[in-house]
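Below, each chain spelled out in residue letters.
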Amino acid sequence: MMMEELIVQTMKNLKQHGFDVRFCERVEEANEIIDGFVQPRALVGFGGSMTIQEMQTAEYLAPKSIVVLDHNLPGLTAEEKHALRRRELVSDVFLTSSNAVTADGQLVNVDGAGNRVAAMTFGPGKVVVVCGVNKIVPDLEAAYQRIQQMAAPLNNVRLATGNPCTQAGHCVDCQAEGRICRVTTIMERKPMATDITIILVNQKLGY
């Protein structure tokens, strides 16, 4: 299936599953959409997304004097990280990405602490999930494959975990104490009590 057809099918099925779906050619358009959801001085949670980081969304929103809730900021203690993760769960707007989006209209994610997937499904006033088209896959099997062969190893390298996948280049289902693949979620429909917008960007973003 051509990428254009895959995008159309993905958007169609996401909409049928109750999600608000937007499509953008460039990250600048995606940031404009996000800006429309964020009020001045809003509590904005950042879910550790390389996509959102690459988009420089925090910098884009800075003139609004937002309150940034980001547990990945440098220099934080373990206790401070944990406290921020909890505050992100009740942020006004929570910004994140998804490890994979299936053409069947599902969001598939693997998490370590579970805070990201928890905030994606319930708690924040608004959830915005931004994904480059590189994260679109045909089905669940392809989603797991993408996570195990690409997203998980690259995230382990980024976080310098030293887990076996950083050497193998793919998931080996390790038993390491520092394993970050601990919670897997499949969002098959829009959660009943959560306002979610999915923004698909026609660029390669994150991993």
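This text follows the structure it describes.
The model shown is predicted, which means the values in this text are computed figures rather than measured ones.

Each value, and the rule that gives it
- Residues numbered from 1 in each chain as written.
- Predicted model: local features only at pLDDT ≥ 70, side-chain atom pairs only at ≥ 80, totals over all residues.
- Heavy atoms only, no water.
- Helix = DSSP H or I, 4+ residues; strand = E, 2+ residues; numbered from the N terminus.
- Buried < 20%, exposed > 50% of the residue type's maximum accessible area, 1.4 Å probe, protein only.
- Contact = heavy atoms within 4.5 Å.
- Polar contact = N/O pair within 3.5 Å; in protein donor to acceptor, adjacent residues only side chain to side chain.
- Pairing = 2+ DSSP bridges.
- Axes fitted to C-alpha atoms, helices over the stretch in contact; angles between N-to-C directions.
- Core = buried A, V, L, I, M, F, W, Y, C linked by side-chain atoms within 4.5 Å.

Q: Could you clarify how one ought to interpret the environment of Arg-116 in this entry?
A: As for its position among the elements, Arg-116 is in helix α6 (residues 115-121). A relative accessible area of 10% places Arg-116 in the buried class. Measuring from C-alpha to C-alpha, the distance between Arg-116 and Ile-198 comes to 15 Å, with 82 residues separating the pair along the chain. Discounting residues that sit within four places of it in the chain, Arg-116 has contacts with Gly-47, Phe-94, Thr-96, Ser-97, Ser-98, Asn-99, Asn-109, Val-110 and Asp-111. Separated by 3.5 Å, the side chain of Arg-116 and the backbone oxygen of Ser-97 make a polar contact.

Q: Help me understand unusual backbone geometry, please; the structure alone is not making it clear to me.
A: The bulk of non-glycine residues show a negative phi, and the bulk of peptide bonds are trans. Positive phi values are uncommon outside glycine, yet Gln-56 reaches one of about 55 degrees. Structurally, Gln-56 can be placed in the loop between α3 (50-55) and α4 (57-61). For Gln-56, a relative accessible area of 49% gives the class partly exposed. Even without glycine at this site, Asp-173 takes up a positive phi of about 50 degrees. With respect to the secondary-structure elements, Asp-173 resides in the loop between α8 (165-168) and β9 (183-187).

Q: I tried to follow the sheet that holds strand β3 (residues 67-70) on my own but got confused; where do I start?
A: Consider a sheet: its strands pair through backbone hydrogen bonds, and that pairing is either parallel or antiparallel. Across the sheet, which stays open at both edges, the six strands sit in the order β1-β10-β7-β4-β2-β3 with parallel pairing between neighbours. Looking at which strands have only one partner, the edges of the open sheet turn out to be β1 (20-24) and β3. If you compare each strand with its neighbour and ignore which way they point, the axes differ by 20 degrees on average. Here β1 pairs with strand β10 (residues 196-201) via five bridges, running parallel. Residue pairing across strands places Val-21 opposite Ile-198, the latter belonging to β10. The strands touched by helix α5 (residues 78-88) within the sheet are β2 (43-46), β3 and β4 (93-96), with β3 carrying the most contacts at an inclination of about 115 degrees.

Q: What's the story with the nonpolar core in this structure? I'm lost.
A: In globular proteins that are soluble, nonpolar side chains generally tend to be buried together. The biggest cluster of nonpolar side chains holds 21 residues, and the ones touching the most others in it are Leu-14, Phe-19, Leu-107, Val-129, Ile-196 and Ile-198. Looking at this core, the elements that each hand over two or more residues are α1 (3-16), α6, β7 (126-132) and β10. With four residues, the single largest contributor to this core is α1. Ignoring anything within four residues of it in the chain, the contact list for Ile-196 reads Phe-19, Asp-20, Met-120, Lys-126, Val-127, Val-129, Met-187 and Pro-191. Core analysis: the second largest hydrophobic core is formed by 20 residues, Ile-33, Val-38, Phe-46 and Leu-205 among them.

Q: Whenever I open this one, the pairing of β7 confuses me. Can you help?
A: Side chains on a regular strand alternate between the two faces of the sheet. Within β7, seven of the seven residues are buried, leaving the element largely enclosed by the surrounding structure. Strand direction decides the pairing type here: β4 and β7, joined by four bridges, are parallel. For Phe-94, the partnering residue across the bridge sits in β7 and is Val-127. Sheet analysis places β7 next to β10, joined by six bridges and oriented parallel. Residue Val-130 lies in a different strand from β10, and its bridge partner there is Ile-199.

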